[in-house]
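Results of the structural survey
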Amino acid sequence: MNVIENRDGYIYATYNGQYKYEKLLELAKEAARYCTQGKRTKVLANLLNMTGKVESFDRFKLGVQGALIFRNTIAQVAAVYHQTEIDRFAENTAVNRGMNTRIFSNIEDALAWLGIEEDSNTSLQS
């Protein structure tokens with residue numbers, strides 16, 4: 001289940017459930033729509049409750065598509081994912097295509113990079 005919230009200064013998007021490329025891509029598109037509607041330029045994508053593995057080719061495709069979705073309208077996108085799964089492939093792919101994004105293993109570091117004061121709604125979720 002995807003949840004997207006317009007929070008103070010940013011859009012909070014979370015993906016809960018088994019990883020599916022199409023569903024994660026739809027979450028990104030929906031978050032971008034929320035940004036446009038709410039005049040937000042920062043996104044925090046919480047993927048900590050996503051299960052399953054993201055294969056290398058999907059990471060590449062997600063980086064390419066993320067850059068297409070976010071690079072011209074969104075200033076920053078921070079993703080939070082399992083430390084053991086972070087390899088920076090999707091991040092590097094997106095950054096090389098003009099997207100300002102970083103992946104983190106905890107929400108606090110992601111919020112700090114976004115320049116957002118810690119949000120009690122977000123910091124309690126894992």
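Preceding block: the structure.
In short, a report on the structure.

Some details on helix H2 (residues 56-70)
- Between its first and last C-alpha, H2 extends 21 Å over 15 residues, near the 21 Å set by a 1.5 Å rise per residue.
- Along H2, the residues classified as buried are Asp 58, Arg 59, Leu 62, Gly 63, Val 64, Gly 66, Ala 67, Ile 69 and Phe 70.
- Turning to H2, the residues buried within the fold contact helix H1 (21-38), strand E4 (42-46), strand E6 (76-80) and helix H3 (89-95).

Quick word on the sheet that holds E6
- Ordered in space as E1-E2-E4-E6-E7, the five strands form an open sheet in which the pairing is mixed. Of all the strands in the sheet, just strand E1 (2-7) and strand E7 (101-104) have a single pairing partner and so form its edges. Pairs of neighbouring strands in the sheet enclose a mean axial angle of 15 degrees, with direction left out of account.
- Here strand E2 (residues 10-15) runs beside E4; their pairing, made up of four bridges, is parallel. Along E4, the bridge assignment pairs Thr 14 with Asn 46.
- Packed onto the sheet, H1 meets E1, E2 and E4 and runs at close to 160 degrees relative to E2.
- Packed on one face of the sheet, helix H4 (residues 107-114) meets E2, E4, E6 and E7 and runs near 175 degrees to E6.

About the criteria used
- Residues numbered from 1 in each chain as written.
- Predicted model: local features only at pLDDT ≥ 70, side-chain atom pairs only at ≥ 80, totals over all residues.
- Heavy atoms only, no water.
- Helix = DSSP H or I, 4+ residues; strand = E, 2+ residues; numbered from the N terminus.
- Expected span 1.5 Å × (residues − 1).
- Buried < 20%, exposed > 50% of the residue type's maximum accessible area, 1.4 Å probe, protein only.
- Contact = heavy atoms within 4.5 Å.
- Pairing = 2+ DSSP bridges.
- Axes fitted to C-alpha atoms, helices over the stretch in contact; angles between N-to-C directions.

In short, the description is geometric, and any link to function would need to be established separately.
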